[in-house]
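Coordinates in review
Residues per chain are reported as follows:
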Amino acid sequence: MKKKADVVVIGGGITGTAVLAALARYDLECVLVEREPDISMGTTKANSAVLHAGFDAPTGSMKAKMNARGNEMYHELADEFGLDIKWTGSYVCASDDEGVKTLEELKARGEANGVKGLEIIAGDKVRDKEPNLSKDIKAALWAPTAGICWPFGMAIAFAENAIANGAEVVRECEATGIRVEDGKVTAVETTQGDIETRFVVDAAGVYADAVAAMAGDKSFTINPRKGEYILFDKTAKDSLVSSVVFPVPTKTSKGILVCATTHGNVFIGPNAQDDCGREDVSVTPAGMDEIIAGAKRLVPNIPMGASITEFAGLRAVSSTGDFILGESDAADGLLLAAGIQSPGLTSAPAIAEYLTDIIVKKTGAKERTNYVKGHKAAPVFREASDEEKAALIAKDARYGRVICRCETITEGEIVEAIHGLCGATTVDGVKRRTRAGMGRCQGGFCGPRVIEILSRELGKRVPEIRKDGVKSYMYYDKSYDGGDAK
């Protein structure tokens, strides 16, 4: 591959895809490179999926500015992009006088950050809304503008909108170098060849410091912070919460929360473990104990028998303690989107707007006259009316064949996910787009069928189908001429 582009975005998480979609509004040639077989495979696939109101970040910080603007933008973008968002509001709960004092500080900070509707309410009133909360909770900070979302779906919507407007997403394409000549970025070197370019946006998550260093910027470092989670079956939701419930935050995190999802599950977590590796997404017995103990301080009767999976994700904590955004001093044309930990998901569209404004001003790019607005979401069979289901089946009989029983996902939906503008190529890629495999059995029933469908639709042998990562083959076949199936 030898390409030319005005902008190369490195990293296919929620930040990178949001930047690509924002750039695609303008007459610019843009390419996003992602080293994995799919987008949203880093922090975006393992986080709390909370759209924060914006009261936590220090006033005046980039985190505070981007959080407030990002939350506002999601309210505007939800319908245009078909984003799966529920504006549930959030509670920060305090169980003693010292905690209540912290709530007052958070409220004052939030108001200074421009957050609307903040209110400190008594414990009894909180329990009227969330009856399973601890009797020890004295008060809570209520933030009505907070919400929950489906992060994978948002990243896919941004990516596919950008592709519809002429941008390109190249997967299994790792950036290996950035060429700088006379102080200016001239190309990105990748495992698929060089891309000549004027601008590079570094949205590489926990590897953002390594990518920046390719262009000579060693002004910051990234410390990965691991957070572990436990997810509960939908049958447990009446025993848990219907919104977002935080404890009083600590210096290192927003604490172990109990939180609903947009699909009817509830999770507990995360904890916060520093000094872990950039690839360490293991879960540990000690971590599980920590999460359970923390969650029980908010909801005493956690139905552990209803837990269906555990997972962990990494956050990119910067050495500055804040988002690192804007032009690098090391090379003209290098733009940084580094240290994007919480509230990074909420901030993504604002970060994209901020960086796009810089590029547009430097290039004089004009808005596309033929811009394709928004993103058309694929049909969701389980949410359709009987009449809509009948129409889908009449149009394509594969919508009448349920593959994932737990989540009622049909073959038609899986095929649609595979052949989208940024289609699934792996088992987990299908899962992130359709939820096939996210139910009670965690893919025990539908997994083999999903593999068969991927094999058929992609024209590949079954041993070539992967679970998620580059070498995560589902079956070993020594006759497969790739030779590295594991």
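Before any of the text, the structure's been laid out above.
Quick summary incoming for the structure in this document. Residue positions within a chain follow its written sequence, with the count starting from 1. Totals for whole chains, interfaces and linings use all residues, but because this is a predicted model, local features are given only for residues with pLDDT of at least 70 and pairs of side-chain atoms are given and counted only at 80 or more. Hydrogens and water molecules were not included; the side-chain quantities draw on all heavy atoms of the structure.

Quick look at the overall build of the chain now. A run of H or I in DSSP counts as a helix once it spans at least four residues, and a run of E counts as a strand once it spans at least two, with each numbered from the N terminus. A count of helices and strands for the chain gives 12 helices and 21 strands. Over its C-alpha atoms the chain spans a radius of gyration of 22 Å, differing by no more than 12% from the 23 Å that the globule rule assigns to 486 residues. Here the C-alpha coordinates of the chain stretch approximately 65 × 55 × 45 Å along the principal axes. Relative to its 486 residues, the chain shows a buried fraction of 56%. Note on contacts: a residue pair is in contact if any heavy atoms of the two residues lie within 4.5 Å. Across the chain, the fraction of contacts at a sequence separation of at least 24, relative to all contacts at a separation of at least 6, is 71%. For every accessible area listed, the method is Shrake-Rupley and the probe measures 1.4 Å; residues are considered covered only by the protein chains on display. Counting only carbon and sulfur atoms, one obtains 48% of the accessible surface of the chain, whose full area is about 20300 Å². All tallies of charge rest on Lys and Arg as positive and Asp and Glu as negative; His and the ends of each chain are not included. A charge is said to be at NZ when it belongs to Lys, at CZ for Arg, at CG for Asp and at CD for Glu. Here the chain holds 60 positive side-chain charges and 69 negative ones, and the gap between their average locations is 2 Å. Only C-alpha atoms enter the radius of gyration; for comparison, a globular chain is expected to reach 2.2 Å times N to the power 0.38, where N is the number of residues. Burial here depends on accessible area, computed with a 1.4 Å probe over protein chains only, as a share of the maximum for the residue type. Under 20% is buried, over 50% is exposed, and the range in between is partly exposed.

Our next topic: the nonpolar core. Generally speaking, nonpolar side chains in soluble globular proteins are found buried as a group. As used in this record, nonpolar core signifies buried Ala, Val, Leu, Ile, Met, Phe, Trp, Tyr and Cys residues forming a set joined through side-chain atoms within 4.5 Å. Counting 55 residues, the largest nonpolar core has Tyr74 and Met154 as its most contacted members. Within the residue set of this core, elements represented by two or more residues are strand 1 (3-10), helix 1 (14-23), strand 2 (30-34), helix 2 (62-81), helix 5 (151-164), strand 12 (193-202), strand 19 (334-338) and helix 8 (344-363). Setting aside its immediate chain neighbours within four residues, Met154 contacts Ile14, Leu51, Tyr74, Leu83, Ile85, Cys149 and Leu345. In terms of nonpolar packing, the next biggest core, distinct from the first, is built from 29 residues, Val188, Val206, Ala316 and Ile324 among them.

Regions of empty space are outlined by a rolling probe, equal in size to a water molecule, passed over the atoms. With a 1 Å grid laid over protein atoms only, a set of points is called a cavity when a 1.4 Å probe fits there but cannot get out and a pocket when it is open yet has protein on both sides within 12 Å along at least five of seven lines; lining residues have an atom within 4 Å of a point. Grid points are joined across faces, edges and corners, and a volume is the space filled by probe spheres set on the points. Estimated volume of the second largest pocket: approximately 770 Å³. Lining the second largest pocket are 31 residues, with His375, Ala377, Ala378, Val380 and Arg433 sitting closest to its centre. Of all the secondary structure elements, the ones that give two or more residues to the lining of the second largest pocket are helix 5, helix 10 (411-418) and helix 11 (427-434). Looking at which element gives the most residues to the lining of the second largest pocket, the answer is helix 5, with 5 residues.

Another aspect to go through is the pattern of salt bridges. Salt bridge criterion: a side-chain nitrogen from Lys or Arg within 4 Å of a carboxyl oxygen from Asp or Glu. All chains considered together, the criterion is met by 34 salt bridges. We note a salt bridge from Glu411 to Arg401, for which the minimum N-O separation is 2.7 Å. On the criterion of sequence distance, the pair formed by Glu411 in helix 10 and Arg401 in the loop between helix 9 (386-395) and strand 20 (402-404) is long-range, its members being 10 residues apart. Ionic contacts of the salt-bridge type, sharing partners, join the residues Asp38, Lys45, Arg171, Arg432, Arg433 and Asp468 into one network.

The next subject is the sheet that holds strand 8 (residues 147-149). Taken in spatial order, the 3 strands of this open sheet run 3-8-4, and their pairing is antiparallel. Of all strands in the sheet, those bounded by a partner on one side alone are strand 3 (50-51) and strand 4 (85-86). Across 2 bridges, the pairing between strand 4 and strand 8 is antiparallel. The partner of Lys86 across the bridge, within strand 8, is Ile148. The rule for pairing is simple: two strands pair if DSSP sees at least two bridges between them.

This part covers the packing of helix 10 against helix 12 (residues 447-458). For any two helices packed against each other, one specifies the inter-axial angle together with the distance between the axes. Between helix 10 and helix 12, the shortest axis-to-axis distance is 10 Å and the interhelical angle comes to 50°. Overall, the two elements helix 10 and helix 12 adopt an arrangement that is oblique. Remark: the crossing between helix 10 and helix 12 carries right-handed chirality. Only Arg449, Val450, Ile453, Leu454, Arg456, Glu457 and Leu458 of helix 12 make contact with helix 10, whose side of the interface consists of Glu411, Ile414, Val415 and Ile418. Here the term charged refers only to Asp, Glu, Lys and Arg, the term nonpolar to Ala, Val, Leu, Ile, Met, Phe, Trp, Tyr, Cys and Pro, and the term polar to all other amino acids, Gly among them. When the residues that make up the contact of helix 10 with helix 12 are grouped by side-chain class, the tally is 7 nonpolar, no polar and 4 charged. Helix axes use the C-alpha atoms of the stretch in contact, all axes being lines fitted to C-alpha atoms, and the angles between their N-to-C directions lie in the range 0 to 180 degrees. Small angles under 35 degrees read as roughly parallel and large ones over 145 as roughly antiparallel, with 65 to 115 read as roughly perpendicular and the rest as oblique. Take the far helix as the reference: if the near one is turned anticlockwise from it by less than a right angle, the crossing is left-handed, and if turned clockwise, right-handed.

What follows concerns the packing of aromatic side chains. Each aromatic ring pair is described using two quantities: the centre-to-centre distance and the angle formed by the ring planes. Whether two aromatic rings pair depends on their centres lying within 6.5 Å, for rings of Phe, Tyr and Trp, where Trp uses its six-membered ring; planes under 30 degrees apart make the pair stacked, over 60 edge-to-face, and the rest tilted. The final tally for this structure, using the stated rule, is 5 aromatic pairs. Relative to Phe158, the ring of Phe81 lies with its centre 5.3 Å away and its plane at 70°, an arrangement referred to as edge-to-face. Of this pair, Phe81 sits in helix 2 while Phe158 sits in helix 5, and the two are 77 residues apart along the sequence. Residue Phe158 is classed as buried on the basis of its relative accessible area of 3%. A ring pair is formed by Tyr229 and Phe311, whose centres lie 4.8 Å apart and whose planes are at 10°; its orientation type is stacked. A residue pair is termed long-range when its members are at least 10 positions apart, and Tyr229 in strand 13 (residues 222-232) and Phe311 in strand 17 (residues 307-318) qualify at 82 residues. Here Phe311 falls in the partly exposed class, since its relative accessible area comes to 25%.

Here the bend at a residue is taken as the angle between two axes, fitted respectively to the seven residues that end there and the seven that start there. The principal kink in helix 2, of about 35°, is found at His75. Among the structural elements, helix 1, strand 3, strand 4, helix 5, strand 18 (324-327) and helix 8 are those in contact with the buried residues of helix 2. Downstream of helix 2 by a residue or two, Gly82 has a phi angle that is positive, lying close to 65°.

Turning to empty space enclosed by the protein, a few remarks are in order. One pass over the full model with this rule turns up 1 cavity of 30 Å³ or more. Size it by volume and the largest cavity reaches roughly 110 Å³. Every residue along the wall of the largest cavity is listed here: His52, Ala53, Gly54, Phe55, Asp56, Ser90, Val92, Leu106, Phe246, Pro247, Pro249 and Lys254. For the lining of the largest cavity, the secondary-structure elements that each account for two or more residues are strand 5 (90-94) and strand 14 (244-247). Considered class by class, the residues forming the lining of the largest cavity number 7 nonpolar, 3 polar and 2 charged.

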